[in-house]
Amino acid sequence: MGAQNIWNAIEVAEEARESSNSNNPSSSITIEISLPLPDMIPQIIKLCKDLFKKWSNLEDSRFSVETVSGGITNLLLKVTVREEDGNTVFMTVRLYGPNTEYVIDRQRELLSIRYLSVAGFGAELFGVFGNGMVQSFINARTLEPSDMKKPNLAAEIARQLSKFHQVEIPGSKEPQLWNDIFKFLERASGLKFDEHEKQRRYETISFEEVRHAVNELKHLTDLLNAPVVYSHNDLLSGNLMLNDDEEKLYFIDFEYGSYSYRGYDIGNHFNEYAGFDCDYSLYPNKDAQYHFFRHYLKPDVPQEVSDKDLEALYVETDSYKLASHLYWALWALIQAKMSPIDFDYLGYFFLRYDEYKRQKAKSLSLVQSFLANPHTR
């Protein structure tokens, strides 16, 4: 996985605009995500025939469906279609999780997918339906959190993220991070739970304290004037796939993608080294971060990155990692109310918020020292 030349973002945007003239097929069919797979298969076959008319008369036996993964916000299915001419087509059907519209802007996601696909990211969009989308199948394995810290993979993730951050998506370039956090805060602060124990735990949260934390951090990070780029915003191991034979890395699932701050996307990625167990002792040390930064800032000549640029990105990332904790903590509260998935979202809120509080003094002091030193800016 060697360094690659960075492409021209404007040319990629023009290609995407040209390809957008051909609309993807759509269907009003919705699939009940809670069904067991055997009961879901007939609905998936019906959907495929409705979306792709060339298959409308194929025998059902020519379709096979298997589960790829089940995540916190969606379910992935692999569909294999054996056409009459002997050709075999592989696709991924992605079913949105129930009530995910409370935390995910699907219109924003669909807008970005075509442009990201043209730039070489994720799977190609084949069609959309009532509660999901159909995409090309990626033949690769999903990474584990422990994979991300391997030096060769970390360097490749950094190179790909540098490329990702150059994609131009049409529309407003206004960063959405704080808009989304304040939206989550508003929704999270007015919840009512039917279960007594959940309500009791929820009522221990001081939303006045949380709001102060958000305002304080926004004010401080604004002083850094961090670059605004199109960001993945959810670059955990489950959204990274690797074809080991071809040594090709894929970014997938752009549900949370938006224009945001460069340091946020990187800091959020580093937070994900901890996995869902939130073992933040696994957060990369300064040397590991600098290794990442070198390949991010100058993918072709990482050894030429200056100490000044490394320090600046280190401070930027360290401050925005706090915003990542606040974002996902508030997200978890909304999921605790809305999601039918058996996961302790309330517990996840406290894990992320407690880590924010534990890291706050160190990170804010680092930012303040950086801002006070004219030689580092």
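The preceding data block contains the structure.
Here the residue numbers are simple positions, counted from 1 along each chain's written sequence. Only residues with pLDDT of at least 70 are given local features in this predicted model, and only at 80 or more are side-chain atom pairs given and counted; all residues enter the totals for whole chains, interfaces and linings. Side-chain numbers here rest on the full set of heavy atoms in the structure, without hydrogens or water.

### Looking at helix α11 (residues 345-372)
Owing to its 3.6 residues per turn, the α-helix brings residues three or four apart onto one side. The way it works is that DSSP assigns letters per residue, a run of H or I at least four long becomes a helix, a run of E at least two long becomes a strand, and they are numbered from the N terminus. In this analysis, the expected span of each helix is defined as 1.5 Å times one less than the number of residues it contains. Relative to the 40 Å expected for 28 residues at 1.5 Å per residue, α11 spans 39 Å between its end C-alpha atoms, a close match to the ideal helical length. Bend at a residue means the angle formed by two fitted axes: the first through the 7 residues ending at that position, the second through the 7 residues beginning there. Where α11 bends most, at K360, the angle is about 50 degrees.

### Here we look at unusual backbone geometry
Unusually for a residue other than glycine, N225 sits at a positive phi of about 50 degrees. Among the secondary structure elements, N225 is positioned in the loop between α7 (207-222) and β7 (228-231). Phi at D253 takes a positive value of approximately 55 degrees, unusual for a residue other than glycine. Here D253 shows up in the loop between β9 (248-251) and β10 (258-261).

### A closer look at helix α3 (residues 106-118)
Over its 13 residues, α3 runs 19 Å from end to end, which matches the ideal 18 Å to within 8%, given 1.5 Å per residue. Considering bend angle alone, the principal kink of α3 is centred on S112 and spans about 30 degrees. Looking only at α3, the buried set comprises R106, E109, S112, I113, R114, Y115 and L116. Capping the start of α3, D105 holds a side-chain oxygen 3.2 Å from the backbone nitrogen of Q107, two or three residues further along. Throughout this description, buried means an accessible area under 20% of the type-specific maximum (1.4 Å probe, protein chains only), exposed means over 50%, and partly exposed covers the range between. We call two N or O atoms a polar contact when they sit within 3.5 Å, provided that within protein one can donate a hydrogen and the other can accept it, with sequence-adjacent residues counted only if both atoms are side-chain atoms.

### A short note on the pairing of strand β4 (residues 125-129)
Two strands are counted as paired when DSSP detects at least two bridges linking them. Here β4 pairs with strand β5 (residues 132-136) via four bridges, running antiparallel. Directly across from F129, in β5, lies its bridge partner G132. Linking β4 back to β5 in an antiparallel pair, the connection comprises two residues.

### With respect to the pattern of salt bridges
Two side chains of opposite charge can pair, provided their charged atoms sit close to one another. Salt bridge criterion: a side-chain nitrogen from Lys or Arg within 4 Å of a carboxyl oxygen from Asp or Glu. A complete count under the given rule lists 26 salt bridges for this structure. Taking the shortest distance from any N to any O, the salt bridge between K54 and E83 comes out at 3.4 Å. A residue pair is termed long-range when its members are at least 10 positions apart, and K54 in the loop between α2 (37-51) and β1 (63-70) and E83 in the loop between β2 (74-82) and β3 (88-96) qualify at 29 residues. In this structure K54 comes out as exposed when scored by relative accessible area, which is 65%. Assessed through its relative accessible area of 12%, E83 is described here as buried. Linking D180 and K183 is a salt bridge whose minimum nitrogen-to-oxygen distance equals 3.8 Å. Pair noted here: D180 and K183 are both in helix α5 (residues 177-188), with a separation of three residues, about one helical turn. With relative accessibility at 33%, the residue K183 sits in the partly exposed group. Among the charged side chains, a network of salt bridges with common partners joins R94, R106, E109, D253 and E255.

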